[in-house]
Amino acid sequence: MDRIIKSMEPKYLRPSLQLVEDVFTKYKNAEEGKMVRQLVEEIRSKKYYLPELELIMVGEEEEILGYAMFSRFHIEGKYEDELLILTPVAVKTELQRQHISKDLLEYGFKKAKGMGYQAVLVEGDPRNYNPRGFRPSYQYGINAGPNVQLPHPDCLMVKELEAGALEKISGFVDYSYYQSLC
């Protein structure tokens, strides 16, 4: 099966929202699916949105198999031209464990680095992100702010795209810029 990774195109805007909602609904529940869909819509409407880093993988029939969104992010009002946040990542449920998310992320890392970004922040299951080079962010002085509820401190992770980049990035993560997350 031919699989192609590309940046978001207008014809995929709605289908990608449906994929994200479906995947998170099946993974957790309908409320989670709607919240993540709203988050994507909200990120698209904000100044930190990067259409070239909203990535999809499509199959031979142009159907979306996987999705990953990288957008600019700031910590305490700083680093927005160096730091990205990765959220969400979704793969059609029946196609999971086929390296779709791995390929999307690796493609995104390379593209983001080429655009001058230094590091990527993500919140999620360490088992999914450690193999991609993410490490607990607190090890680098990047901590969850008081309004960020994590199941475990290791769930907030960061990855350097440029060696040594995290030596100069630190502070408390706050999601209050996004209503969907509050």
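For the structure given in this document, a descriptive report is provided here. None of these values were measured; they are calculated from a predicted model.

Before going further, it helps to examine the packing of aromatic side chains. Aromatic ring pairs: the centre-centre distance and the angle between the two ring planes describe each pair. A full pass over the atoms with the stated rule returns six aromatic pairs. Ring plane angle 85° and centroid distance 5.1 Å describe the contact between Tyr-177 and Tyr-178, whose orientation is recorded as edge-to-face. Residue classification places Tyr-177 among the partly exposed positions, given a relative accessible area of 28%. Note that Lys-46 overlies the ring of Tyr-177, its terminal NZ or CZ placed 4.5 Å from the centroid. Sitting over the ring of Phe-109, Lys-159 keeps its end group 4.7 Å from the ring centre.

Helix α2 (residues 30-45) packs onto helix α1 (residues 13-27) with a crossing angle of 145° between their chain directions and a minimal axis gap of 7 Å. Pair α1 / α2 crosses with right-handed handedness. Where α1 abuts α2, its residues Leu-13, Ser-16, Leu-17, Gln-18, Val-20, Glu-21, Phe-24 and Thr-25 lie against Ala-30, Glu-32, Gly-33, Lys-34, Val-36, Arg-37, Val-40, Glu-41 and Arg-44. Along the lines of polarity and charge, the residues of the contact of α1 with α2 split into seven nonpolar, four polar and six charged.

Criteria and thresholds
- Residues numbered from 1 in each chain as written.
- Predicted model: local features only at pLDDT ≥ 70, side-chain atom pairs only at ≥ 80, totals over all residues.
- Heavy atoms only, no water.
- Phe/Tyr/Trp six-rings, centres within 6.5 Å; stacked < 30°, edge-to-face > 60°.
- Buried < 20%, exposed > 50% of the residue type's maximum accessible area, 1.4 Å probe, protein only.
- Lys NZ or Arg CZ within 6 Å of the ring centre and 35° of its normal.
- Axes fitted to C-alpha atoms, helices over the stretch in contact; angles between N-to-C directions.
- Helix = DSSP H or I, 4+ residues; strand = E, 2+ residues; numbered from the N terminus.
- Left-handed = near helix turned anticlockwise from the far one by under 90°.
- Contact = heavy atoms within 4.5 Å.
- Nonpolar A, V, L, I, M, F, W, Y, C, P; charged D, E, K, R; others polar.

Nothing here speaks to function; it is all geometry.
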